[in-house]
Each structure stands twice: as C-alpha cells, then as structure tokens.
Amino acid sequence: MSPKETASSDRSTGTSTLMSPEETASSDRSAGTSTFTPGRIAITALVVLVLVFIFESAWPVRIRRLIPEVSMPLWLALGAAAVVGAICGGYVIRRRK
C-alpha cells in the first residue's frame, strides 16, 4: 500500500479495500457539512434584521462625539457602527484561534 492510499476494512466480512485520497476527501466533505447549519441560519437572520432596521431609519440625525457635530442619515451612522462592530468581532475571533 502506498502512503497516499488509505486502507478501509469491512468488519463484517473481514475484507479490506484501498481508497485513493480523492475518494476519502469526497466522502469526508459530504459526511457532516451542510449549506444550512444553525449558525449560518442565525447569522443570516441577524444580518437581514440589521439591514431592515438600518434602511428603515432614513431620517437625518446630528452626531457629536470626538469631532464637531455632523448631520447624516441615520442608516449611514448605523451602517458604519455595524461595520466597525464586525471588524472588531472578526479580530477577536481570529485572536482566539
């Protein structure tokens, strides 16, 4: 058996077969992965709710923090806050790995 081949045995009959890396890789991919996982569904629902909230909030607001007072649409301010939050969350998640 070459190092690139994987041995697979059938315990009921005692026979073994050789599987190429392509066969084992394709069977591993279909084993436990799905396009619609609970986490992906939750994130998609959260993103949709945030987008609906942002685009329903179209009136202008005045914002004053570190810079002088700025007037802008609320959806732009909320979108900027969402982007900054996503960047910070991504940074924290990558630091944990």
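Here the structure is a predicted model, which means the values were calculated and not measured. (Residues numbered from 1 in each chain as written. Predicted model: local features only at pLDDT ≥ 70, side-chain atom pairs only at ≥ 80, totals over all residues. Heavy atoms only, no water.)

1. Overview of the overall build of the chain
As a reminder of what qualifies: The secondary structure listing takes helices from DSSP runs of H or I that are at least 4 residues long and strands from runs of E that are at least 2 residues long, numbered from the N terminus. Throughout this description, buried means an accessible area under 20% of the type-specific maximum (1.4 Å probe, protein chains only), exposed means over 50%, and partly exposed covers the range between. Whether two residues are in contact is decided by their heavy atoms, any of which lying within 4.5 Å being enough. Calculation of accessible area relied on Shrake-Rupley with a 1.4 Å probe; when residues are assessed, cover is drawn exclusively from the protein chains displayed.
Counting secondary structure elements, the chain contains three helices and four strands. Start at the N end of the chain and walk to the C end: the helices and strands fall as β-β-α-α-β-β-α. Every one of the 97 residues in the chain was classed for burial, and the buried ones make up 6%. In the chain, 7% of the contacts between residues at least 6 apart in sequence involve partners at least 24 apart. Summing over all exposed atoms, the chain offers an accessible surface of approximately 8,600 Å²; the carbon and sulfur share of this is 64%.

2. Focus on the packing of helix H2 (residues 38-56) against helix H3 (residues 74-96)
Spelled out, the test is: Whenever a helix is involved, its axis is fitted only over the stretch in contact; in every case the axis is a line through C-alpha atoms, and angles between N-to-C directions fall within 0 to 180 degrees. Each angle receives one of four descriptions, namely roughly parallel if under 35 degrees, roughly antiparallel if over 145, roughly perpendicular if within 65 to 115, and oblique otherwise.
With their axes 7 Å apart at the nearest point, H2 and H3 run at an angle of 150° to one another. Taken together, the axis directions place H2 and H3 in an arrangement best described as roughly antiparallel. Within the contact between the two elements, H2 uses Phe53, Ile54 and Phe55 and H3 uses Trp75, Leu78 and Gly79.

3. Looking at the environment of Trp75
For Trp75, the location among the structural elements is in helix H3. With sequence-adjacent residues up to four places away left out, Trp75 is seen in contact with Ile54, Phe55, Ser57 and Ala58.

4. Topic: the confidence of the model for the chain
Heads up, the rule is: The pLDDT value expresses, per residue, how confident the predictor is, ranging between 0 and 100.
Looking at the chain, pLDDT values average 76 and 67% of them are 70 or higher. Confidence scores differ between elements of the chain, with strand E1 (residues 6-10) showing the lowest mean pLDDT of 50 and H3 the highest of 89.

5. Overview of the pairing of strand E3 (residues 60-63)
Using the following cut-off: Should DSSP find at least two bridges between two strands, the strands are taken to pair.
Where E3 meets strand E4 (residues 70-73), four bridges bridge the pair, whose relative direction is antiparallel. If you follow Ile63 over to E4, its bridge partner there is Val70. What sits between E3 and E4 in their antiparallel hairpin is a turn of six residues.

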